[in-house]
Amino acid sequence: MDMNMNNNNNKGKSKLKQNQKKRVELILLILYAIGFYAFCICRSLHLSRDHFSKLHGLRAGWLFPPRLNDVSDAQWRNFRANLPILTLVFGVFTMLANIAGKSFHFRAKGMSIIWLFLSLIYLSYLHGACIIFILLIASANFLLVKIFANAKYFPLLLWIFNLVFLFANRVYQGYSFSKFGRQHWAYLDKFRGTFRWHICFNFVILRMISFGYDYHWAHRDSHFDQEKHIRRCHVCKSGKVCYQILQERNVHTNNFAFTTYLSYLVYAPLYIAGPIISFNAFASQLDVPQNHYSIIEVTWYGLRWVFSLSLMELMTHLFYFNAFAASGSWKKLSPMDIFIIGYGVVNFMWLKFFLIWRYFRFWSLIAGIEAPENMPKCVNNCQNLESFWKSWHASFNKWIVRYMYIPLGGSQRKLLNIWVIFTFVAVWHDLEWKLLSWAWLTCLFFVPEMLVKSAANAFQAEGALGGFVFRELSAVAGAITITCLMVANLVGYVIGPSGINWLISRFLSKEGLHVLGFMLTSFYVGTKLMFQIHDAKQRMQ
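On a predicted model such as this, the values are computed, not experimentally measured, just so you know. (Residues numbered from 1 in each chain as written. Predicted model: local features only at pLDDT ≥ 70, side-chain atom pairs only at ≥ 80, totals over all residues. Heavy atoms only, no water.)

Turning our attention to the overall build of the protein chain. Within the protein chain, the secondary structure is distributed over 22 helices and two strands. Counting only C-alpha atoms and orienting by the principal axes, one finds that the protein chain spans roughly 85 × 70 × 45 Å. The proportion of buried residues among the 541 residues of the protein chain is 50%. Carbon and sulfur atoms form 65% of the exposed surface of the protein chain, whose accessible area is close to 27,700 Å². If the 53 positive side-chain charges of the protein chain are averaged to one point and the 25 negative ones to another, these points end up 2 Å apart. (Helix = DSSP H or I, 4+ residues; strand = E, 2+ residues; numbered from the N terminus. Buried < 20%, exposed > 50% of the residue type's maximum accessible area, 1.4 Å probe, protein only. Areas by Shrake-Rupley, 256 points an atom, 1.4 Å probe, with all protein chains shown as cover. Lys, Arg positive; Asp, Glu negative; His and termini not counted. Charge placed at Lys NZ, Arg CZ, Asp CG, Glu CD.)

Right, let's talk about the domain arrangement of the protein chain for a bit. Considered domain by domain, the protein chain is made up of domain 1 (108-284) and domain 2 (374-540). On a C-alpha basis, the centroid separation for the pair domain 1 and domain 2 is 31 Å. The partner domain 2 presents 16 residues to the 22 residues of domain 1 that form the contact. The junction of domain 1 with domain 2 conceals about 1,700 Å² of combined surface from both sides, 67% of it contributed by carbon and sulfur atoms. The interface formed by domain 1 and domain 2 includes three salt bridges. The closest approach of N and O atoms between Arg-170 and Asp-430, which form a salt bridge, is 3.2 Å. Seen at the junction of domain 1 and domain 2, the total is ten residue pairs in polar contact (both at pLDDT 80 or more). Elements with a contribution of two residues or more to the side of domain 1 that touches domain 2: α5 (154-171), α6 (197-218), α9 (243-248) and α12 (279-287). Broken down by element, the side of domain 1 that touches domain 2 gets its largest block of residues, eight residues, from α6. For the side of domain 1 that touches domain 2, the residue count by class is 14 nonpolar, five polar and three charged. (Domains from an automatic or database assignment. Contact = heavy atoms within 4.5 Å. Buried area = accessible area lost by both parts, 1.4 Å probe. Salt bridge = Lys/Arg side-chain N within 4 Å of Asp/Glu carboxyl O. Polar contact = N/O pair within 3.5 Å; in protein donor to acceptor, adjacent residues only side chain to side chain. Nonpolar A, V, L, I, M, F, W, Y, C, P; charged D, E, K, R; others polar.)

For any pair of aromatic rings, the description rests on two quantities: the centre-to-centre distance and the angle between the ring planes. The tally for this structure, following the rule as stated, stands at 65 aromatic pairs. Each ring, one from Phe-133 and one from Phe-180, has its centre 6.0 Å from the other, and the planes form 45°; the classification is tilted. With Phe-133 in helix α4 (residues 131-148) and Phe-180 in the loop between α5 and α6, this residue pair connects regions lying 47 residues apart in the sequence. Taking the relative accessible area as the measure of exposure, Phe-133 reaches 8% and is therefore buried. (Phe/Tyr/Trp six-rings, centres within 6.5 Å; stacked < 30°, edge-to-face > 60°.)

What follows concerns the nonpolar core. Among the nonpolar cores identified, the biggest contains 157 residues, and Trp-115, Tyr-122, Tyr-271, Phe-339, Phe-396 and Trp-399 are the most heavily contacted of them. When we break this core down by domain, the ones giving at least three residues each are domain 1 (108-284) and domain 2 (374-540). Here Trp-115 is in contact with Phe-93, Thr-94, Ala-97, Ser-263, Tyr-267, Ala-268, Pro-269, Leu-286 and Ala-367, once residues within four sequence places are set aside. Counting residues in hydrophobic clusters, the runner-up holds five residues, among them Val-235, Cys-236, Cys-242 and Ile-245. (Core = buried A, V, L, I, M, F, W, Y, C linked by side-chain atoms within 4.5 Å.)

In the segment running from Pro-65 into Pro-66, the intervening peptide bond is cis, with an omega of 10°. Counting through the fold element by element, Pro-66 comes out in the loop between β1 (58-60) and β2 (68-70). With an omega of 5°, the peptide bond running from Gly-274 to Pro-275 counts as cis. Backbone geometry places His-105, a non-glycine residue, at a positive phi of 55°. Take His-105: it is sitting in the loop between α2 (74-104) and α3 (108-127).

What follows concerns empty space enclosed by the protein. Counted under the stated rule, the structure contains three cavities of 30 Å³ or more. The calculated volume of the largest cavity comes to roughly 60 Å³. In this structure, the largest cavity is lined by Leu-385, Phe-388, Trp-389, Phe-422, Trp-438, Thr-442, Phe-446, Leu-485, Ala-488 and Asn-489. Only α16 (385-392), α19 (433-458) and α20 (463-495) provide two or more residues apiece to the lining of the largest cavity. (1 Å grid on protein atoms, 1.4 Å probe; cavity = no way out; pocket = protein on both sides within 12 Å on 5 of 7 lines; lining within 4 Å. Points joined across faces, edges and corners; volume = space filled by probe spheres on them.)

When you line up the elements, Asp-337 lands in helix α15 (residues 335-366). Within polar-contact distance, the side chain of Asp-337 engages the side chain of Arg-43 at 2.8 Å. Those residues within four positions of Asp-337 in sequence are excluded, and the remaining contacts are Arg-43 and Leu-47.

Looking now at α5. Here α5 spans 26 Å end to end across 18 residues, near enough to the 26 Å set by a 1.5 Å rise per residue. Among the residues of α5, Phe-154, Leu-158, Trp-159, Phe-161, Asn-162, Leu-166, Ala-168, Asn-169 and Arg-170 are the ones counted as buried. On its buried side, α5 packs onto α4, α6, α17 (394-405) and α18 (414-429). Once α5 finishes, Gln-173 follows within two positions and takes phi at roughly 50°, a positive value. (Expected span 1.5 Å × (residues − 1).)

What follows covers the environment of Ser-119. Structurally, Ser-119 is set in helix α3. Using a relative accessible area of 0% as the deciding quantity, one classes Ser-119 as buried. Separated by 63 residues in the primary sequence, Ser-119 and Arg-182 place their C-alpha atoms 30 Å from one another. Those residues in contact with Ser-119, other than ones at most four positions away along the chain, are Val-266, Tyr-267 and Ala-268. Within polar-contact distance, the side chain of Ser-119 engages the backbone nitrogen of Ala-268 at 3.0 Å.

Among the surface-exposed residues, Val-24, Ile-27, Leu-28, Ile-30, Leu-31 and Ile-34 lie close enough to one another that they form a single nonpolar patch of about 580 Å² accessible area. Here Leu-28 shows up in helix α1 (residues 2-51). Taking relative accessible area as the criterion, Leu-28 reaches 54% and is therefore assigned exposed. (Patch = residues over 30% accessible without salt bridge, like charges linked within 9 Å, V, L, I, M, F, W, Y side chains within 5 Å.)

Further remarks concern the packing of α6 against α17. Where α6 meets α17, the axes come as close as 11 Å, and the angle between the chain directions of the two elements is 40°. Comparing the axis directions of α6 and α17 gives the class oblique. Crossing angle aside, the handedness with which α6 passes α17 is left-handed. For the pair α6 and α17, the contacting residues are Leu-206, Ile-209, Ser-210, Tyr-213, Asp-214 and Trp-217 in the first and Phe-396, Trp-399, Arg-402 and Tyr-403 in the second. Residue composition of the contact of α6 with α17, by class: seven nonpolar, one polar and two charged. (Axes fitted to C-alpha atoms, helices over the stretch in contact; angles between N-to-C directions. Parallel < 35°, antiparallel > 145°, perpendicular 65-115°, else oblique. Left-handed = near helix turned anticlockwise from the far one by under 90°.)

Printed below as a string of structure tokens:
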């Protein structure tokens, strides 16, 4: 009995020492992180102050006059400028739809007609006469699905049809009415609206594929184990319905009507930018509005968005990261300054998409339709490519897993599948070589990560020393992965494939090697902090 007590005391002392070491490590990591961000902020302020006269895309600011505001990113500039009118339109639309739904007790069919009517008004303003192209292609896809859904070759036919229009819409720049008859149709080119329809149609193509597959699978037995999922899902355990259930549960074939289909394709709150939602989930929530988020939670969601918008305004008034990238001025900077600007650009892009996607999702939640949350994690809290991809465009990732990854064979062909998937992701965004470079670079970095993960799963760390070594190696791997991730995104969205050699030469110079070491050290510390956050979350569960 005394020996047992001594063993317990020794174990207790050992655990106490480990906790003390972890506490000391956490303090040191936080101190380094504070120093790192203090340095980056100070250097970014100096760079913006010293070079603003050489940068393009700066306009008079309102936050710290006479300080300028970085609106060099066209997507952010247009979204920011149209926020008042978008808020008014979606406020009116959701109010009318909710009043009509509650007054007349509409279900899926009635709500689909309401939202189709409102969304077509919205599209008429955006695209003018080009709405004809949208309706014609959508109708052809609907007929194809209804006629061939039970055929074995249907998935191939569905993909060919949609890929043809994905490429054709881009190549012909949304088509010209004059090509279909100068005498009768040419005058319609004067009424093409305010927004290029073929840009938005990329999202419509994803929805058309989703409708096709969901209808195809509705005639087959589902492999989804709903009871098993409910036992594991904390949302479902609470009596609510999570998105996974809405997506995987087959809806009744009556819900695959033409009006519901069209309403899904052009649903106003999610039409321009998503998030991407499956047909099953959309049709289910037309019938029974989402109950995952309460009114208070949706209100809090909106207030958090306003706070995030204020952070973006603060960032673009103080730091001109994107203007450096757009102007090409950063090529004349030192390797350290290139790193700081590159890191700033990645954070700017994250916050931009965060605001755009959450804005549209907010209005969809008010309307009773829950879409998957894009960017559930901060970009600085992703230590590998897989977690980054799952957290960046999360709704697109869910779409890809359901309609591409699993039909292509899933994890059994993972090494091959990623090349097909990322190539599709690149051409879906645009037909540009720099996006294909981004896709293939990402795949190139993905392969060793998957091999290391596979080896790590097979390896079982034994004892305190083994656990320590495994954790340190994981942190080093995380630092290398984050660096590769930055390079892939900068090549894809900023410098293009022609800038790869320049980037490598800058960081392999004598000065650049010191900066590369600083980068890897900083990302190593960041990865260790992520491990600490993960451990804290596990202890709380």
